[in-house]
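Below are the chains, spelled out letter by letter.
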Amino acid sequence: MIRITDILDEAQKYMSKSDLEMIEKAYIFSASVHQGQVRLSGEPYLTHPLEVAGILVSMRLDVATIITGLLHDTVEDTLATLDQIEESFGKEVAFLVDGLTKISKIVFASRLEQQADYFKKMILAMSSDIRILMVRLADRLHNMRTLQYHKPERKIFIARETLEVYAPLAGRLGINWIKTELEDLALKHLDPEGYNELIERVAMKKEERERYTEEIREIIQKKIQDFGLKGVVKGRAKHFYSIYKKMHEQHLNFDEVYDLTAFRIILDSNKEKECYEALSVVHALWKPVPGRFKDYIAMPKANNYRSLHTTVIGPYGERVEIQIRTKEMDDWAENGIAAHWRYKEGNVASLEDDSQIKQLRELLESQKEYQDAAEFMKNLKLALYPDEVYVFTPKGEVKSFPRGATPIDFAYSIHTDVGHTCVGAKVNRNIVPLKYQLKNGDTVEILTHPGQKPSKDWLKYTVSSRARSKIRQWIKTEERERSVSLGRDILERELKKRNISFNRFLKEPAFKEFLEDQSPSNIEDMLALIGYGKMSAQHVINHVYGTEAKEKNIEKKKEDTKLFERIKHPLKKTSAAGISVRGIDDIMVRFAKCCTPLPGDEIVGYITRGRGVSVHLASCPQVQEMDPERIIEVHWEVEKGQTFPVNIRIFCTDKKGLLAELSNVISNLGINISRADVATYPDQRATFDFLLNVNDLAQYKKLVSELKKLKNVHSIERQREAGERSGHRLMS
């Protein structure tokens, strides 16, 4: 267990005496307010803020950040107040603690919406000060180190969240050692058997691997010295998650993984040219493997990582992975922003670090606009996993994009207007379609036309946050403009039937009162709601003119009244199998696409204009927005052997034969599978989408009950409609 003296010893290497005194004061404050509290492990709660502060001081962060690490749980978990913290430690520390407290107040649950809400709030907090994110990462790291004390289902949730969001966040900040430790700790709880087996296999070859590593290290060290290059060569074992991931993605056995050890040449000089000289030495020593050289010095990664990577055929015919970098590059590669980003007097950071912070903020803030939780989490994870491709502008400027990027992504990276008016692209002087996926080294030229406009389909061919954000923004604006225009047409038509001009209507005092009393704050908002179908023109007119307008509308309602009168007759069979409607035997009846009712579900019918009766679940959100006068009573009248479609999504831990197990359960209940889509992910998750034909709600519930008995099934959701999927494998 770390002690305050350990923290002070490390801090004194770069802090003043007054800073050390403030850290000690924060420790005493934290100890007093946390007194008597214990963690799940049984240890005093104070061990946690001490460990968090220890992680932060190891990265040599500023005094305010270290103090925040000691105090980050005080307002949330004790009787301490922000006013007390501000009085004792200043506004800066109080601001950081407040930011962390607001994030922590959200109660975690497995529901996607709550998780998305949490990360939106975290993004908002770190946009104000990135040190909030640094403390949050240190907090998560220590919590992962002690995750074994949680309940199994809680461990799985926290570990998966860590692997999918927190580890890549550390990667985007360039803090590689936190990223790799978080990944290994997450793997330990997500796949304990695989993790333990990997440890045993690595341990079995430890002595042999150490001898081999030392032999290669000495050869490289001697060779670079012979050429007058000063530096150190290190051999390091790859972390468990990277080995595990390679085995599963490439379907390899442990013995087939050749590069368990990576070598690093760290040059004393900060001259980039010496890195290339060292590379030529290595390639003269051993033959390079074609296609395995990467120059991250000329084209740094998104997190400013710089290094040369090469793989060669070394002694004994084994492949050897070698990284070449300067001391400064190595410091950044391990510690990222923490290596150079130090708040100085007056809270001013270096320009280089400001650029990095701005880049991360823009990356995360671009995700905030997504209202749909699934879309938000999907795009956040995509943004945090920068498997990059590097391309050139016609002038030779290098641009990096997530792998899978297209010319549309490239166009929006130049300027929003270039993206909006993009009609095509030339790649390496050849015309390519807009959905062409860019490759490393491509030279891209965008073709534009003033009359071109973005399309919803473009979202299928874009992966960068900027492009997707700008396209969605344009679509939203365009849809609103169309809705305002449509709303005006609808309102004008209704007014024309009553011999009322549109301009006269707008001048009515009662109309102005209507705008003040209702949710639309202006005329455009009201017209948009009418265009969207969320407000009826008749409702607005009746509100303004009252009984007079209703009387003028009597004739218009006669046709509808005749239809409703017919509903008084006995039940008759309708055109939709399994549904009966009072008095109607010659009207089309269909199931609404927004919900998929099953016999046994409570349902209602809605008389549409020109499209017959649509059948909805009584709980369907759209029913709440419908005209209550057009909602009618409908009943199930199912014939023996009839089946109804239902979409389900099953969340599982992936394993061989799982699809067969699920299919057996479904077929044993006499249920037909119309379609099956499977998506798997690197962390052993899998989702199965099935379109099934079931008899009724009771049979569906029986199916869910049987599926949940399977060991690897975590949860099952009934889907409204089959949606688009993303994953590492897709089958149907």
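**Section: the packing of helix H2 (residues 17–33) against helix H6 (residues 82–89)**
- Where H2 meets H6, the axes come as close as 11 Å, and the angle between the chain directions of the two elements is 155°. Of the possible angle classes, the one that applies to H2 and H6 is roughly antiparallel. Pair H2 / H6 crosses with right-handed handedness. Between H2 and H6, the contacting residues are Met22, Lys25, Ala26 and Phe29 on the first element and Ile85, Ser88 and Phe89 on the second.
- The residue makeup of the contact of H2 with H6, split by class, is five nonpolar, one polar and one charged.

**Topic: the packing of helix H11 (residues 176–190) against helix H14 (residues 240–249)**
- Packing of H11 against H14 leaves a shortest axis separation of 8 Å and a crossing angle of 60°. As the angle between them shows, H11 and H14 are arranged oblique. Between H11 and H14, the residues in contact are Glu183, Asp184 and Leu187 and Phe240, Tyr241 and Tyr244, respectively.
- Looking at side-chain class alone, the contact of H11 with H14 contains four nonpolar, no polar and two charged residues.

**Quick look at unusual backbone geometry**
- Even without being glycine, asparagine 428 reaches a positive phi, approximately 55°.
- Position of asparagine 428 relative to the elements: it lies in the loop between strand E9 (422–427) and strand E10 (430–432).
- Classification of asparagine 428 by relative accessible area gives partly exposed; the value is 38%.
- In this structure, arginine 429 takes a positive phi of about 75° despite not being glycine.
- Residue position: arginine 429 is located in the loop between E9 and E10.
- For arginine 429, a relative accessible area of 79% translates into the label exposed.

**Points about the sheet that holds strand E15 (residues 603–607)**
- Overall, mixed pairing links the four strands, which are arranged E14-E16-E15-E17 in an open sheet. Among the strands making up the open sheet, the edge pair consists of strand E14 (589–591) and strand E17 (631–632).
- Two strands pair when backbone bridges link them, and E14 and strand E16 (residues 613–617) are joined in this way by three bridges, in the parallel orientation. Following the sheet pairing, valine 589 is matched in E16 by valine 613.

**A few points about the side chain of histidine 616**
- Note that histidine 616 resides in strand E16.
- Judged by relative accessible area, histidine 616 falls into the buried class, the value being 3%.
- Within the structure, the side chain of histidine 616 is placed 3.2 Å from the side chain of serine 614, a separation counted as a polar contact.
- For histidine 616, the residues in contact, after removing those within four places along its chain, are Ala592, Cys594, Cys595, Pro597, Glu602, Ile603, Val604, Tyr606, Gln622, Val623 and Met626.

So, how was this worked out
Residues numbered from 1 in each chain as written. Predicted model: local features only at pLDDT ≥ 70, side-chain atom pairs only at ≥ 80, totals over all residues. Heavy atoms only, no water. Axes fitted to C-alpha atoms, helices over the stretch in contact; angles between N-to-C directions. Helix = DSSP H or I, 4+ residues; strand = E, 2+ residues; numbered from the N terminus. Parallel < 35°, antiparallel > 145°, perpendicular 65-115°, else oblique. Left-handed = near helix turned anticlockwise from the far one by under 90°. Contact = heavy atoms within 4.5 Å. Nonpolar A, V, L, I, M, F, W, Y, C, P; charged D, E, K, R; others polar. Buried < 20%, exposed > 50% of the residue type's maximum accessible area, 1.4 Å probe, protein only. Pairing = 2+ DSSP bridges. Polar contact = N/O pair within 3.5 Å; in protein donor to acceptor, adjacent residues only side chain to side chain.

Honestly, that's just the spatial picture; any functional story needs more than this.
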